[in-house]
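Structural characterization, general
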Amino acid sequence: MRLWDARNDTGDGSVRFRRGCQTRAPAGETAGRIPPLRRLRTKGPVRRSLPTISAMQKKEDMISPETRVQIRRYFYAEHWKIGTIARELNVHPDAVRKAVETDRFHRTQPMLPCITDPYMEFVRQTLDRHPRLRATRIHQMIRERGYTGSVIQLRRAVARLRPPSREPFLKLQAFPAEQAQVDWAHFGQIAVGRAHRTLSCFVATLSWSRALYLEFFFDQTMENFLRGHVHAFEDWAGQPRVILYDNLRSAVLERRGDEIHFNPRLMELCAHYHFVARPCQIRAGNQKGRVERAIRYVRESFWAGRSFTTLAECNRQALLWRDQVAHRRRWPGDDNRTVAEVFAEEQPRLLTPPVHPFPTELVLPVRAAKTIYVRFDLNDYSIPPEAVGRQLTIAASDTLVRILEGTAEIARHHRTYDRHQLVLDPAHQEAVLKTKRKAFEATPAGRLTLAAPESKTLLDLAFAQGESAGSQTAQLLKLLDLYGPAALRRAINEALERNTPRASSVAFLLRKQQRSAPTPMAVDLSRHPAAQAIEVRPHDLETYDELARNNSKQ
């Protein structure tokens, strides 16, 4: 048998046999020709496309950062060969070789030339002298020096070159009961009937203990601003010595440097509660950072996902959250204590509140022209008829509207935050009906409607079915005199339910009610003609005394 070597392949499918490797066949076997071996290559040349340099570079660049990290670990930590790493991770050996090269691993992308490059030194020098100069002004300056690019490219360059403007701050220290911080927070708009009201939250926090007071209002008027202070002082059972404000209109009317014109109403509040109002510097929100963080805490912890139906319910939930969540959090000064515990230590050091609270009602002069209503906040509130045409005063709180004539209160109503509502006291309407000659009760229909308002619906339905409105009204008035307003109203409601809107049906139902009643109904005979003609002569009471003496003698 002859051995063959693949290295002697001729390339055309035949094989050259190695010399000197012939052996004789064993005895008993006939020597013969060995059958040809199977061809190791296909016919014709093998065509294989060689990868270009750009394709290889692209494959190398497609390796992810995670694969590159794995390659470097295998090579430097485990000391694997490049071919072993390539087979293990199924990547090209050139990619493995490129990944283990340190200079390529830390390669930097070449910076392409930019149209702003020639002007960068000028822009840098300009920003060093004027750090807050706007990019649009710099764009105008370099256009005069030959720049032809857009302002967008310049803005990117200015953002990189502008020096940082971070200002270092010191941690503010506060003494117990020394300072509080107050501010408003906006919470969008809500619908109240037909009105859309802006919901705002008054937030006050003590700077040392971080104790909170919050209350929601429908606007940020001066009266609500003062009302928030009064309610906070009542809740804390005292007030701090200094309160820090932003430069809001309710606190500062005008400011010129360090000279400040405070709101006169705020000065009255300060004099009443013996504290000092202190506004922070302009554009220095860090000076009242405690109340700013408190407002953010209210938004994230209380307001998010909260639902309520009335403003009173919202404020109830807010104070409940304050007591159960906000005051039970860890005190920033010591993680071993809560805000409630620190506030209990601070509260006795607060200033003692005065005996009488500060008045926070909105006082406005008003005059009623012809009707018994005066207008306030786009709503009409009733007054007694004798006050029409006189000069009056409205004193409005967050819940009540009081109407004064001089110092005497003539009307009181619950305040509504809707729009175009009539807030009527029935006593004022009854007084008008009594004083006017041709008032509502003077006409038959008016008297019937006043006694039984449901009669108007019954008369309208009866008229639509062809009945006479005057005849139906007269019959209902007779029934009113005989049975009274309460029984008439019950009968009219039952007739409307039975869909029999007629006076005869009401009379039938009244007789039915009278038969089923356990006691006879009282009948008013004051309007009966026969009863009015009866003359009753009073007896002399001495005759009874005479009868009593005769009986005693017997």
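On to the overall build of the protein, then. The secondary structure content of the protein amounts to 21 helices and 18 strands. Across the 554 residues that make up the protein, the buried fraction comes to 34%. Of the roughly 37,000 Å² of accessible surface on the protein, 53% is carried by carbon and sulfur atoms.

So, about the side chain of T360. Along the chain, T360 falls in the loop between α13 (339–346) and β12 (362–367). Exposure remark for T360: the relative accessible area of 12% places this residue in the buried category. Leaving out residues up to four positions away in the same chain, T360 has contacts with E223, L226, R227, V230 and R265.

Moving on to the environment of I63. For I63, the position within the fold is in the loop between α1 (53–61) and α2 (65–77). What makes I63 buried here is its relative accessible area of 12%. Counting along the chain gives 32 residues from I63 to A95, while the straight-line C-alpha distance between them is 7.7 Å. Setting aside residues no more than four positions away along its own chain, I63 makes contact with R68 and A95.

On to the nonpolar core. Core analysis: the biggest nonpolar cluster contains 31 residues, and F202, F225, W236, Y245, L266, L269 and F275 have the highest contact counts within it. Residue assignment for this core shows that the elements contributing at least two residues are β3 (179–192), β4 (195–206), β5 (212–217), α9 (222–236), β6 (242–245) and α10 (264–273). Looking at this core element by element, the count peaks at 7 residues for α9. Not counting residues up to four positions away in its chain, the partners in contact with L269 are L226, H229, V230, F275 and F358.

Let's shift gears to the environment of L154. Note on placement: L154 falls in helix α8 (residues 151–161). The exposure class of L154 is buried, given its relative accessible area of 0%. Taking the C-alpha atoms as reference points, L154 and V123, separated by 31 residues in sequence, lie 9.3 Å from one another. The contact partners of L154, leaving out residues within four places of it in the chain, are T116, V123, A135, I138, H139, I142 and Y147.

Another aspect to go through is helix α15 (residues 444–451). Buried within α15 are the following residues: G446, R447 and L448. In this structure, the buried residues of α15 make contact with α16 (455–464), α17 (469–483) and α18 (485–497).

Our next topic: the pattern of salt bridges. Under the criterion given, the structure shown has 22 salt bridges. As a salt-bridge pair, D323 and R322 come within 2.6 Å of each other at their nearest N and O atoms. Taking the relative accessible area as the measure of exposure, D323 reaches 40% and is therefore partly exposed. Linked through salt bridges whose partners overlap, the residues forming this network are D183, D246, K288 and E292.

Residues with a pLDDT of 70 or more make up 78% of the protein, whose mean pLDDT is 81. Segment residues 1–32 is flagged for pLDDT under 50; beyond a separation of four residues in sequence, or across chains, it makes 25 contacts in the model. The low-confidence segment residues 37–51, where pLDDT is below 50, has 5 contacts with residues more than four positions distant or belonging to other chains.

Running from amino to carboxyl end, α15 crosses α17 at an angle of 50 degrees, the nearest separation of the two axes being 10 Å. By the criterion of interaxial angle, the relationship of α15 to α17 is oblique. The handedness of the crossing between α15 and α17 comes out as left-handed. Two secondary-structure elements touch here, α15 through P444, A445, R447, L448 and A451 and α17 through T473, L476, L477, L480 and D481.

Let us look at the state of the cysteines. Note: disulfide means a covalent bond formed between the sulfur atoms of two cysteine side chains. Taken as a whole and judged by the stated rule, the model has 0 disulfides. Between C314, a cysteine without a disulfide, and C201, which holds the nearest cysteine sulfur, the sulfur-to-sulfur distance is 7.7 Å.

Next up on the list: the sheet that holds β12. Spatial ordering of the open sheet is given by β12-β15-β16-β17, a layout of 4 strands whose pairing is antiparallel. A single partner strand is all that each edge strand has here, and the edge strands are β12 and β17 (408–414). Pairs of neighbouring strands in the sheet enclose a mean axial angle of 25 degrees, with direction left out of account. Sheet topology note: the strand β16 (residues 400–405)/β17 ladder contains 6 bridges and is antiparallel. Residue R402 lies in a different strand from β17, and its bridge partner there is R412.

For the rest of this paragraph, the subject is the packing of aromatic side chains. This structure, assessed with the given rule, holds 19 aromatic pairs. Measuring from centroid to centroid gives 6.0 Å for W303 and F308, while their planes differ by 55 degrees, and the two rings are tilted. Taking the relative accessible area as the measure of exposure, F308 reaches 23% and is therefore partly exposed. Through a chain of ring-to-ring contacts, three or more aromatic side chains come together here, namely F187, F216, Y297, F302, W303, F308 and W321. If you follow R299 out to its NZ or CZ, it ends over the ring of F187, 4.6 Å from the centre.

Next up on the list: the sheet that holds β3. Strand order across the open sheet formed by 5 strands is β5-β4-β3-β6-β9, with mixed pairing between neighbours. Whereas interior strands pair on both sides, the edge strands pair on one side only; in this sheet they are β5 and β9 (276–279). Here the strands of the sheet are splayed against their neighbours by 25 degrees on average, with no regard to which way each runs. Both β3 and β6 contribute to a ladder of 3 bridges, which runs parallel. Looking across to β6, one finds that Q181 is bridged to L244. Helix-sheet contacts for helix α11 (residues 289–303) involve β3, β4 and β5, and the interaxial angle to β3 is about 35 degrees.

Looking now at the pairing of β3. Bridge count for β3 against β4 is 11 bridges, and the pairing is antiparallel. Within β4, the residue paired with H186 across the bridge is S200. Hairpin connection between β3 and β4: a loop of 2 residues separates the two successive antiparallel strands, and G193 in this loop has a positive phi of roughly 65 degrees.

A few words on unusual backbone geometry. Positive phi is not limited to glycine here, since L378 has a value of about 65 degrees. Mapped onto the secondary structure, L378 falls in the loop between β13 (373–376) and β14 (379–382). Positive phi is not limited to glycine here, since N499 has a value of about 60 degrees.

What counts and what doesn't
Residues numbered from 1 in each chain as written. Predicted model: local features only at pLDDT ≥ 70, side-chain atom pairs only at ≥ 80, totals over all residues. Heavy atoms only, no water. Helix = DSSP H or I, 4+ residues; strand = E, 2+ residues; numbered from the N terminus. Buried < 20%, exposed > 50% of the residue type's maximum accessible area, 1.4 Å probe, protein only. Areas by Shrake-Rupley, 256 points an atom, 1.4 Å probe, with all protein chains shown as cover. Contact = heavy atoms within 4.5 Å. Core = buried A, V, L, I, M, F, W, Y, C linked by side-chain atoms within 4.5 Å. Salt bridge = Lys/Arg side-chain N within 4 Å of Asp/Glu carboxyl O. pLDDT = per-residue confidence, 0-100. Axes fitted to C-alpha atoms, helices over the stretch in contact; angles between N-to-C directions. Parallel < 35°, antiparallel > 145°, perpendicular 65-115°, else oblique. Left-handed = near helix turned anticlockwise from the far one by under 90°. Disulfide = S-S within 2.5 Å. Pairing = 2+ DSSP bridges. Phe/Tyr/Trp six-rings, centres within 6.5 Å; stacked < 30°, edge-to-face > 60°. Lys NZ or Arg CZ within 6 Å of the ring centre and 35° of its normal.

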